Amino acid sequence: MSCFKKIFITIKLILFISLNTAFAQDPDTIIAAKVNDHIISAKDVLIALEKLPEKIKEQPLPSIYPKLINELINQHLIAQQAYKEKLDQNKKVLSELNKSKEQIIAKFWLKNFLDKQAKKKNIEAFYKNYLKTFKVSKEFNASHILVKEKKTASEIIKKLNNKSNFTDLAKQFSIGPSGKNGGNLSWFGPGQMVQSFEEATFALNKGQITQKPVQTKFGFHIIILNDVRESKPKKLSEIEQQIIKIIKKNSLLDLEKKLKKNQKIIINKFEDVAKKVNN
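Quick caveat, the model's predicted, so the values are computed rather than measured.

## Focus: the overall build of the chain
Moving on, step 1. A tally of regular secondary structure across the chain gives eleven helices and six strands.
Moving on, step 2. Over its C-alpha atoms the chain spans a radius of gyration of 28 Å, topping by over 25% the 19 Å that the globule rule assigns to 279 residues.
Moving on, step 3. Projected onto its principal axes, the C-alpha coordinates of the chain cover approximately 85 × 55 × 50 Å.
Moving on, step 4. Residue burial in the chain is summarised as follows: out of 279 residues, 28% are buried.

## Side note on the side chain of threonine 216
Moving on, step 1. Summarising the element assignment, threonine 216 is placed in strand E5 (residues 214-216).
Moving on, step 2. According to the relative accessible area criterion, threonine 216 is buried, its value standing at 11%.
Moving on, step 3. Reaching out from threonine 216, the side chain makes a polar contact with the side chain of histidine 221 at a distance of 2.7 Å.
Moving on, step 4. In contact with threonine 216, other than residues within four places in its own chain, are Val194, Ser196, Phe197 and His221.

## Quick word on the confidence of the model for the chain
Moving on, step 1. Here the chain averages 89 in pLDDT, and 91% of its residues register 70 or above.
Moving on, step 2. Counting interchain partners and residues more than four positions distant, the pLDDT-below-50 stretch residues 1-23 has 27 contacts.

## Points about the environment of lysine 84
Moving on, step 1. Of note, lysine 84 is situated in helix H4 (residues 61-84).
Moving on, step 2. With a relative accessible area of 67%, lysine 84 lands in the exposed category.

Conventions we followed
Residues numbered from 1 in each chain as written. Predicted model: local features only at pLDDT ≥ 70, side-chain atom pairs only at ≥ 80, totals over all residues. Heavy atoms only, no water. Helix = DSSP H or I, 4+ residues; strand = E, 2+ residues; numbered from the N terminus. Rg over C-alpha atoms; globule rule 2.2 N^0.38 Å. Buried < 20%, exposed > 50% of the residue type's maximum accessible area, 1.4 Å probe, protein only. Polar contact = N/O pair within 3.5 Å; in protein donor to acceptor, adjacent residues only side chain to side chain. Contact = heavy atoms within 4.5 Å. pLDDT = per-residue confidence, 0-100.

Written out as structure tokens, the structure is:
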């Protein structure tokens, strides 16, 4: 599930639970259910939602919500029964609890660590370095019509040579996602498209159309070069989220090296571990 879809589900859940109140609250403070003095919050529901299989998560939220609440109520009542029987003092249970505790602490520490690395000053420093090392190159604005068969592509080229409108034909024939927009791919530079597509595009003059179908793994393309320009550095606001991702990724790699330095780490072969598990 994409990040945007998760956010969408979260917002949808909060709005559903809070019955469309004017101001969204912290999910931790929204009461979804109560069992005696025990509170089940919206955050508890969100956590339970994340653990569900993808197919179930795609179902309408109102149909999932009652089942989630019921499971969380049952979980609490069963846990209370386990406490009565002092299962929390069992060695195996304590071992599992410690492992879970370690995972939770590590998760929260890592999030805080990475958030600190992506501070404003680090983002600005990264951006300044980007500006310093930026190299001007050519950018191309092209449109294409993507079809499955070479014969179809050749027929479309004939239509274009007989003055048919490229945008109209793209909307009519293209199976690519850009077809509904007349085939426009906006601006791109070297290395952003598959090689054969780039080679054909870069060989065109402005306004020119490929006279032979261009084959890629996606099918056969007819390409028109709309315009060419020199690239310019992007504004910070345009690439800030990308910068944050890069900073966090690099910080994570550096952290792993630092944490593992001078540590005695032994990793047993998979075959040996599997053999012991299966015996």
